[in-house]
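# Report on the structure
Each chain, written out:
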Amino acid sequence: MIWWFIALLPPLACALAYGRAPFFAWAGMGFAWLAGFGWAAGWPSALTGTVLVLFAALAAIFLLQPLRRRFVTRPIFRAFRAALPSMSQTERDALEAGTVWWEGELFGGRPAWAKLLSYPWPKLTPEEQSFLDKETSELCRLTDDWKATQRQDLSPEAWRYIKEQGFLGMIIPKEYGGKGFSAYAHSQVVTKLSTRSSAPAVTVMVPNSLGPAELLLHYGTPEQKSHYLPRLAKGLEIPAFALTSPWAGSDAASIPDSGVVCKGEWQGREVLGMRVSFDKRYITLAPVCTVFGLAFRLYDPDGLLGANPDLGITCALVPADHPGVNIGRRHFPLNAVWMNGPIRGRDVFMPLDFIIGGPQMAGQGWRMLMECLAAGRSISLPGSNTGMQKMTARAVGAYARVRYQFKTAIGRFEGVEEALTRIGANTYLSDAARVMTAGAVDLGEKPSVVSAIVKYHVTERARQTVNDGMDVVGGKGICLGPQNMLGRAYQQIPVGITVEGANILTRSLILFGQGAIRCHPYVLDEMHAAQRGELALFDKAFWGHIGYTVSNAVRACVMGITGSHFVTVPENVAPETRRYYQQLTRFSAAFAFIADISMGTMGGALKRKEKLSARLGDILSLMYLASAVLRRYEAEGRQAADAPLMHWAIWDCMFRAQNAFEGVIANFPNQFLATLLRRVVVFPLGRPYVVPSDELGHEVAKLLIEPSPTRDRLTSDVYLPKDLEEPAGSLEAALLATVEAEPVEAKVRRAQKEGRFEPGLLVGGGVDAIWQRAFDAGVISADEFALLKRRGELRDKVIRVDDFPYDFGLREVLAEIEPATGKAMPAAA
Ligand SMILES: Cc1cc2nc3c(=O)[nH]c(=O)nc-3n(C[C@H](O)[C@H](O)[C@H](O)COP(=O)(O)OP(=O)(O)OC[C@H]3O[C@@H](n4cnc5c(N)ncnc54)[C@H](O)[C@@H]3O)c2cc1C
C-alpha cells in the first residue's frame, strides 16, 4: 500500500503541473496525500496529525500573501535586485518599445491555436487592389532596370510617376492628401515592385517606413503635420532619415552627432535653437531628398530648456537646403540604382521648431525611433525580399523546364530539384510570414520581436532562394545585362541583410535577447518590480513564474513521451496539419522551459553568450514561421495542390528548430542541466524530426516547373511583361510552349527508339535539325513541327545572354551626363 502511495505521487504532481494548478490545489493535494500515506504506513494518529499540522503551517506561509511576501519572497527579491544587471535608458526604451503578439503565445509554452486562426487574414480594399493592378504595374513597366543601372537613376518618367501617383505617401492618411493604405497594401506594393527592380521598391519603401512621415504622424506638432504631410504625400518633398554615423552603425544609440541648445539667428530674428554637428552615412535617398530626419544627441549645458544638461537623442526635421547642410554626394551600394549617400554638417544652427514634436520632445528621439521601427521593419524588407523570391521562383522554375542539358529539362535532375524545392518552400514560407505580420500591423500591433523575426528570416531565406536560383540558371545569371533576370537581385541581397538591424546582430542579440524579456509572461514584471522596489508585484510575478516553469517542464516531458498525440487542437484545422499543431505545442513548452533555465542559470551573462541566445531566437522564430505557414494554408482554403509546399516548409522549420534545441543543449554550460534537458524535458525519446523527404521535395519542385494555379498563387503579383524581348516575358511564353511541345518531342524520340525514324547526320542544322527530319519523315504533323519550332525560338530567347561593345556602351551613357557639372542629371529633381 505504501508503495502504491509513493507511486501515486509523481503522476499526481505531474497532473497538477501540467494543468498549471494554483497553489491551493497543490496544498490540498499534498495534505490529502500525506494523510493517506500516514494511514497506509500505519503511523500513529498523533504522528500523522503532527505531520499534517506542520505541512499546513508551511502551506499557509505560501498561501497567505502577507506571510509569503515577508518570509519567502523578500529575501529572494533582495537577491534578485542585487543580481539584476543595470540597464541604460536606451536599452530600456528598446526593450519596452512595441507590443507582443502571437510570438507571446509561442513563448509561453501553451499557444492558443484558436487565437491564431481567428486573426483576420489581410485583404486589399478595392481601391488598394486597383492601385496594385494599375499604378504599381505601370511603375513596373516604366522601370527598365538595366537602363536605370547604366544611368544610375530611375528615368525621369518613373520619378514623375512615383511622385504624382502618391507612391511616397501610401501610409499618410487621406486627410493629409495621402493614400491612407493599410500596412498590407503597402507591403503588396513593395513586394510587386521588387519583382521588377529594387530601384522603385527602395525609393518607395523608405519614405513609407523609416522616412519622417511615420514619426510626424505619431509625434509631429499640428504645424509640422499640416506643413509636411500633404507635401510628402504629393511628392513635393522627398524624405530621408539620417541615423547611422561612421562610428555608430549597429550601436546606433551611441551616435556622436551632437547639438547644443543656444540662441542664434533664424529668418532675421534671434531665436532659441540648437547648433548641431553631424556626419551621417549610408542614408537612403539622401542625394535627392528635400527634407531629412536627423538623429543627434542634444545637450543643454546652459540650462536654457531646463535643469537636464544631457537631454538625449533627439530627432529633428531639416530641409536639405538648410544653410550648412552638406548633401548630394552618393555612395554606390553594390551597384544599386536607388539613391544613397552621406549627409554632413558642422555647427549648423536650427531653431527648436525643427525638433519633431517640438521642444518638449527634445531627448525623446530614441524612444520615438524604437516605437516606429517595428511597423516599418515588418513591411519594407519582408516585402522587398519576398518579391525577389517570388520572381526567382517564377523565373527560375520556368527556366529549369525550358533549359535542356543531356536531352533533359534541367529541372528534372534531382540535384536541381533540391534547389528548386528550397526556392518553392522558402518563397511560400516567406510570403506567409510577410502577410501575417503585415496583418498584425493592421490590427494595431507594433510587434517589435516579430518584426525582427520576419526581417531576419525573410532576408536570409531570400539570400538562400536567390543563391539557389543563381546556381540553377548558371552562366545566364552571372552575365549582367537586360537579359539577366536574377543577377541584380543577387547583387542587392546583402543590402537587406545589413540594413534595419544587421542580421548577425539581430539574430544574436534581438530575437531572443529582446524576445525573452518582452514575450515572457513574467520577466518584464519582475524587472519592473525590481527597478521600482515593488515587492507585491514581484511576489505575484515570481511565484507565477515558478509555476509556469515547472508546468512547462512537465508538459514538455509528457508531450515528448507521448509524441504529443493527445494535445488538443481546434476542431476546425485541416486534418493533414493536425499533428503540426500538436508538435508545435510540444516545442513551445520545451522552448519555454529551456528559455527559463537559460535565463535562470546564466542571467545577464546570456547577453554575452550570443551563440546560445541566437539558437534560442532561432527556435522562437521557426515556430513563428511555421505558425504563419499553417495560417496561410487555412486562409487560402487548404489548397490540396499547395500542400507539398506547406508540408516541406513545416518539416524544414521543425527540423531546424530541433537542431537549434540540440545546439543549445550541447553547449549548455551546466552539464547536469544539459542532460536533464536532453534526456527528460526536450527529447525524452530521442529526436522526432528528420529532414523533409526527397519524395516531398520532388513534389515541391514539380510545382515550380509547370504552369498551374499553385504556381500562380506562389508567385502572385509578380510583374509579368508581355514583351518577349524581356526575360520574364519570354520565359513565360517559353514555358507554355515547352510544356505543349514535350509530348511531340517524346513522340519523335519514341519513333527513333522503335527504329521507325532515323534522323541521320545532323551536321550544321543546330539543335533543332532533328525536328525538321522528323517532319520530313512524316513522324510529326505540320502543326506539331510548328510548335517545336516556336518552342525552339522561345528557348533561344530565354537562354541568350547579353554581349556588349568593348566599352559596355558607356559612351552612350556618358552622353547623358551634363557636360557643365560632370554630374548625372538627377531625375528626381
Ligand atoms: C545601403 C544601405 C542603406 C542604408 N540606409 C540607411 C538610412 O536610410 N538611414 C540610416 O540611418 N542608416 C542607413 N543604413 C545604415 C544601416 O542601418 C547600418 O549599415 C547598419 O545599422 C549596420 O551598421 P554598420 O554597417 O556600421 O555595421 P557595424 O555596426 O559595423 O556591424 C558590422 C557587423 O557586426 C555585427 N555586430 C555588431 N554588433 C554586434 C553584436 N553586439 N553582436 C553580434 N554582431 C554584431 C553586425 O551584425 C554586422 O554584421 C543603411 C546602410 C546601407 C548599407
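Each remark here, short or long, concerns the structure printed above.
Residues numbered from 1 in each chain as written. Predicted model: local features only at pLDDT ≥ 70, side-chain atom pairs only at ≥ 80, totals over all residues. Heavy atoms only, no water.

## Side note on the site of the ligand
Note the cut-off: In this text, near means that some heavy atom of the residue lies within 4 Å of the molecule or strand in question. Contacts described as polar in this section are N or O atom pairs within 3.5 Å, which, within protein, must combine one atom able to donate a hydrogen with one able to accept it, while residues neighboring in sequence count only if both atoms come from side chains. Values of accessible area rely on a 1.4 Å probe in the Shrake-Rupley scheme; residue burial ignores everything except the protein chains shown. Under the DSSP-based scheme used, a helix requires at least four consecutive residues in state H or I and a strand at least two consecutive residues in state E, with every element numbered from the N terminus. Gly falls in the polar group here, along with every residue not listed as nonpolar (Ala, Val, Leu, Ile, Met, Phe, Trp, Tyr, Cys, Pro) or charged (Asp, Glu, Lys, Arg).
If you check the shell around the ligand, you find 21 residues, and the closest are Leu-243, Thr-244, Ser-250, Tyr-282 and Glu-610. Leu-243 is positioned such that a nitrogen or oxygen atom in its backbone is 2.8 Å from an oxygen atom of the ligand. Tyr-282 places a main-chain nitrogen or oxygen 2.8 Å from a nitrogen atom of the ligand. Starting from 960 Å² of accessible surface for the ligand in isolation, the protein chains cover 70%. Mapped by element, the contributors of at least two residues to the shell around the ligand are strand 1 (239–242), strand 3 (269–284), helix 19 (487–498) and helix 20 (503–510). When its residues are assigned to classes, the shell around the ligand shows 13 nonpolar, six polar and two charged.

## Some points on helix 31 (residues 769–776)
Condition: Only protein chains enter the accessibility calculation, which uses a 1.4 Å probe; a residue is then buried when its area is under 20% of its type maximum, exposed when over 50%, and partly exposed in between. We call two residues in contact when some of their heavy atoms are within 4.5 Å.
Along helix 31, the residues classified as buried are Ala-769, Ile-770, Trp-771 and Ala-774. Summarising the contacts, the buried residues of helix 31 are in contact with helix 30 (727–753) and helix 32 (782–799). Within two residues after helix 31, Gly-778 carries a phi angle of roughly 75 degrees, on the positive side.

## Regarding the environment of Asp-144
For Asp-144, the location among the structural elements is in the loop between helix 8 (126–142) and helix 9 (145–151). Judged by its relative accessible area of 37%, Asp-144 is partly exposed. With 24 residues separating them along the chain, Asp-144 and Pro-120 place their C-alpha atoms 37 Å apart.

## Concerning the side chain of Ser-564
Residue placement: Ser-564 occurs in the loop between helix 23 (535–561) and helix 24 (578–602). The residues touching Ser-564, leaving out its near neighbours within four places in the chain, are Met-559, Arg-579, Gln-582, Gln-583 and Arg-586.

## Considerations on the side chain of Ser-380
Secondary-structure assignment places Ser-380 in helix 15 (residues 365–402). Ser-380 has contacts with Val-190, Met-205, Ser-209 and Glu-500, leaving out every residue within four places of it along the chain.

## Some remarks on a nonpolar patch on the surface
Put simply, the test is: Patches here: salt-bridge-free residues with over 30% relative accessible area, like charges joined within 9 Å, nonpolar side chains (Val, Leu, Ile, Met, Phe, Trp, Tyr) joined within 5 Å. Only one rule defines a salt bridge in this text: a Lys or Arg side-chain nitrogen within 4 Å of an Asp or Glu carboxyl oxygen.
There is a patch of nonpolar side chains on the surface, built from Phe-23, Phe-24, Leu-63, Leu-64, Leu-67 and Phe-71 and spanning about 570 Å² of accessible area. Residue assignment for the nonpolar patch shows that the elements contributing at least two residues are helix 2 (23–41) and helix 4 (65–83). Structurally, Leu-67 can be placed in helix 4. Under the relative-accessibility criterion, Leu-67 is labelled partly exposed at 31%.

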